[in-house]
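Structural characterization, general
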Amino acid sequence: MLDIIDILVSAGFWAATLRIVSPLILGTLGELICERAGVLNLGIEGIMTMGAMCGWMWVYMGGDLWSGVLFAAFVGALFGLLHSGFTVYLGLSQHVTGIGITLFASSLSYYVFRMLLPDATTPPKIIPFQPYKIPFLSDIPIVGEALFSQTPLTYLALSLVPAVWYVLYKTPVGLAVRMAGENPMAVEAQGINVLSIRTGAVMVGSAFMAVGGAFITMSAFDAFYFGMINGRGWICVALVIFASWRPGKALIGALLFAGLDALQVRAQQMAGAIIPYQFFLMLPYILSIVAMVIMARRASYPQALLTPFRRGERT
Amino acid sequence: MQIELREQIAPWRIALAPVAAVAASLLLGSILILWVGAPVGEAYLLLVKGALGSSFALTETFTRSIPLIFTGLAAAIAFRARFYNIGAEGQLYCGALAATFFGTGLITLPPLLMIPFLMLVGALAGGAALAVPVLLKTHLKVDEVVTTLLLNFVILLFVGYLLEGPWKDPMSMGWPQSESIIDEGVFPKLVDKSRLHFGLLFAVIGSVLCWTMMRFTVWGYEIRAVGHNPSAARFAGINVNTTVIRTALISGGFAGLAGVSEVAGLKGYLTLDISPGFGYTGIAVAMLAQLHPMAVILSALFISMIYVGADSMSRAVNIPTYIADVLVGLSVLSILVSVMLTRYRLRWR
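So, here's what we can say about the structure. (Residues numbered from 1 in each chain as written. Chains lettered and ligands numbered in written order. Predicted model: local features only at pLDDT ≥ 70, side-chain atom pairs only at ≥ 80, totals over all residues. Heavy atoms only, no water.)

Our focus in this paragraph is the overall build of chain A. Along the backbone of chain A there are 13 helices and zero strands. Mapped in sequence order, the helices and strands of chain A form the string α-α-α-α-α-α-α-α-α-α-α-α-α. The C-alpha atoms of chain A give 20 Å as radius of gyration, which agrees with the globular expectation for 315 residues (20 Å, within 12%). Projected onto the principal axes, the alpha-carbon positions of chain A cover approximately 60 × 45 × 45 Å. Per-residue burial over chain A gives 57% buried out of 315 residues. Restricting to contacts in chain A with at least 6 residues of sequence separation, those with at least 24 account for 77%. Carbon and sulfur atoms make up 68% of the accessible area of chain A, which amounts to about 13,100 Å² in all. In chain A, the 17 positive side-chain charges and the 14 negative ones have mean positions that sit 10 Å from each other. (Helix = DSSP H or I, 4+ residues; strand = E, 2+ residues; numbered from the N terminus. Rg over C-alpha atoms; globule rule 2.2 N^0.38 Å. Buried < 20%, exposed > 50% of the residue type's maximum accessible area, 1.4 Å probe, protein only. Contact = heavy atoms within 4.5 Å. Areas by Shrake-Rupley, 256 points an atom, 1.4 Å probe, with all protein chains shown as cover. Lys, Arg positive; Asp, Glu negative; His and termini not counted. Charge placed at Lys NZ, Arg CZ, Asp CG, Glu CD.)

In structure tokens, the structure reads:
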């Protein structure tokens, strides 16, 4: 028990938590934006893989880090456009389209990676984002080391939470996005094009997801591996439900989740001899299911989630 | 752009939809082949040759289609009831676990009983793996897509634990694999000197049974009714929850059978890589078959042809083998559009 307290007050634990939480925040916010506009995006797992590959490859081919992030976001938005073409304009099943996009995008990432680097046996590496110590603030003991000595992408992820909240709740665009997910007829009555609003939301959300993927290859690690997203996208979908579609709660949920994951890695080092490591690795997935079960009764889905909108047609 | 419902759905359009989808996928895939710098025509010819060109290739294609028929049926029946079971991968491994648990010496029966027994426990295990997600869905309204997806990872880790720990074969030279299935439980070969086994027959029987159930029984009617419109089904006196639970158990059962046939039919023992994503590919199989159980056989054969053929094609012209997965992903997307075009017409204004 004392060991656990030791871990909880160590800066290393909190720094690890923030490292784990960054891609989750980006993915969860991305999914949240899509679902708030009424579109479930199960392409998330594939789009994160795509973002991880594209951002990494851009840098490996000689680009700089920030333009790599932009490139990943751009490719993510393209896949968002594909998803909304199918689900928003053609009104096809959001479930099946999303699964199809995940299958397509992740296999395409592997294909392109193998095509450009056919003989790579040991994964080639790039120089990833380095931690940036924020002057003065990073000198605070523990908090400074944990919160203010992260890589720029982590700061970006954290600052996107209030940004998304502000846009969704305090701007006309955000209102239109939320209404498109609750009552598209009312949006149309205001003379706003539901299809464009939804498409825009899905593209922005998918760009977020891709940057979340890029974080993993460009900030957390320095190489691209096969299967490296490893279900993080699906965990983000669960986190959106846990957060009841609210950005603030999404941050809390993701932090809780990442904290438990960081704790799990440390517990594994202590109890690894007694409990096989696979059971520790199962925890994130089981926790996500438990989180969904806890929130299921209180979940207030966006009313028009999964319902395609066709102008001039009654629903 | 305007989308209009067609007055009537022509049967030839329905029959042509998968053909059009496949053609579109191959066309889009050819862009990727051109990008590598390989000749498209030759590459696809090599793919077909690699899958159908010799008797060995043919038996390999048939062998590969067996698990795909089972997982295809699992997806087809579940999607009919709008229960999105994306967990066939995990259920497959549960079936494989059950076959390994009972088949490696725990119970010995004559082959005529042993093989059906292994299939029964495998199907039950596959169904059991889906019990938690379906009960969460019917009783707590927890979305089944995410729970079934996440359980895949949990189950795979559990199999890894068993194979590296208590179930590891001490004679396996350190490889994480189980002991062998006893001779009585191993499926006989369908063709001598090949890997093709009786699982193909079982898979075809499974498709026929599934089709008969969907077409001629009350259960099948209820499944279709719930899939079309749950509120109308409830109004007509169908117990929607019972139907969804029953469908899920049957779906998980089929996925479990895929695991049994890979362990007892193909490999003879359990490893962590018995399935290179058959559970996910099953979704593509079911979609290409437009969720029709008999058509699942054809679409499984087609997709298995792509996988087997892509292996030899990629060796010959240096195209990454992932081209097969890309084509499968593309076909899921293109079949959605082509099926939609059988019911709707697009009008440009």
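Locating Thr217(A) in the fold gives a position in helix H10 (residues 194–220). Those residues in contact with Thr217(A), other than ones at most four positions away along the chain, are Ala52(A), Trp56(A), Ile126(A), Asp222(A), Ala223(A), Phe224(A) and Met228(A).

A few words now on unusual backbone geometry. Here the phi dihedral of Leu306(A) falls at roughly 75 degrees; this positive angle occurs in a residue that is not glycine. With respect to the helices and strands, the residue Leu306(A) is situated in the segment after helix H13 (277–296). Although it is not a glycine, Asn318(B) sits at a positive phi angle of roughly 60 degrees. Relative to the helices and strands, Asn318(B) resides in the loop between helix H12 (293–317) and helix H13 (323–343). Here Asn318(B) falls in the exposed class, since its relative accessible area comes to 65%.

Glancing now at the packing of helix H11 (residues 232–242) of chain A against helix H12 (residues 247–271) of chain A. Residues and elements named next belong to chain A. Across the interface, H11 lies against H12 with an axial gap of 9 Å and an inter-helix angle of 130 degrees. In terms of axis orientation, H11 runs oblique to H12. Here the hand of the crossing between H11 and H12 comes out right-handed. Contacts from Ile235, Leu239 and Phe242 in H11 reach Gly253, Ala254 and Phe257 in H12. Counted by class, the contact of H11 with H12 contains five nonpolar, one polar and no charged residues. (Axes fitted to C-alpha atoms, helices over the stretch in contact; angles between N-to-C directions. Parallel < 35°, antiparallel > 145°, perpendicular 65-115°, else oblique. Left-handed = near helix turned anticlockwise from the far one by under 90°. Nonpolar A, V, L, I, M, F, W, Y, C, P; charged D, E, K, R; others polar.)

Before going further, it helps to spend a moment on the interface of chain A and chain B. Facing the 45 residues of chain A at the interface are 46 residues of chain B. Counting the surface lost from both chain A and chain B, the interface buries some 4,100 Å², and carbon and sulfur atoms represent 84% of this. Three residues stand out in chain A for area buried against chain B, namely Val96(A), Tyr111(A) and Trp234(A), and they jointly supply 16% of the buried area on that side. Our count for the contact surface shared by chain A and chain B stands at six residue pairs in polar contact (both at pLDDT 80 or more). Among the secondary structure elements, those contributing two or more residues to the side of chain A that touches chain B are helix H4 (65–89), helix H5 (94–116), H11 and H13 of chain A. At 15 residues, the largest contribution of residues to the side of chain A that touches chain B is made by H5(A). Partitioned by chemical class, the residues of the side of chain A that touches chain B number 33 nonpolar, nine polar and three charged. (Buried area = accessible area lost by both parts, 1.4 Å probe. Polar contact = N/O pair within 3.5 Å; in protein donor to acceptor, adjacent residues only side chain to side chain.)

Here we come to the packing of aromatic side chains. Taken as a whole and judged by the stated rule, the model has 26 aromatic pairs over all chains. Between the aromatic rings of Phe113(A) and Phe226(A), the centroid separation amounts to 5.6 Å while the plane-to-plane angle is 80 degrees, which identifies the pairing as edge-to-face. A residue pair is termed long-range when its members are at least 10 positions apart, and Phe113(A) in helix H5 and Phe226(A) in the loop between H10 and H11 qualify at 113 residues. Its relative accessible area of 33% is what places Phe226(A) among the partly exposed residues. Ring pairing ties together the aromatic residues Trp56(A), Tyr60(A), Tyr110(A), Phe113(A), Phe224(A), Phe226(A) and Tyr322(B), which thus form one cluster. (Phe/Tyr/Trp six-rings, centres within 6.5 Å; stacked < 30°, edge-to-face > 60°.)

Glancing now at a nonpolar patch on the surface. All names here are of chain A. The grouping of Ile4, Ile5, Leu8, Val9, Trp14, Leu137, Ile140, Ile142, Val143 and Leu147 at the surface amounts to a nonpolar patch, some 780 Å² of accessible area in total. Taken together, the elements giving at least two residues each to the nonpolar patch come down to helix H1 (2–8) and helix H6 (143–147). Per-element accounting of the nonpolar patch gives the leading share, three residues, to H1. In this fold, Leu147 is placed in helix H6. (Patch = residues over 30% accessible without salt bridge, like charges linked within 9 Å, V, L, I, M, F, W, Y side chains within 5 Å. Salt bridge = Lys/Arg side-chain N within 4 Å of Asp/Glu carboxyl O.)

To continue, consider the nonpolar core. Ranked by size, the top nonpolar core spans 215 residues in total, and within it Phe79(A), Phe79(B), Ile319(B) and Ile323(B) carry the most contacts. In terms of residue count, the dominant contributor to this core is H10(A) (14 residues). With residues up to four places along the chain from it excluded, the contact list for Ile323(B) reads Tyr111(A), Gly29(B), Leu32(B), Ile33(B), Ala310(B) and Met313(B). (Core = buried A, V, L, I, M, F, W, Y, C linked by side-chain atoms within 4.5 Å.)

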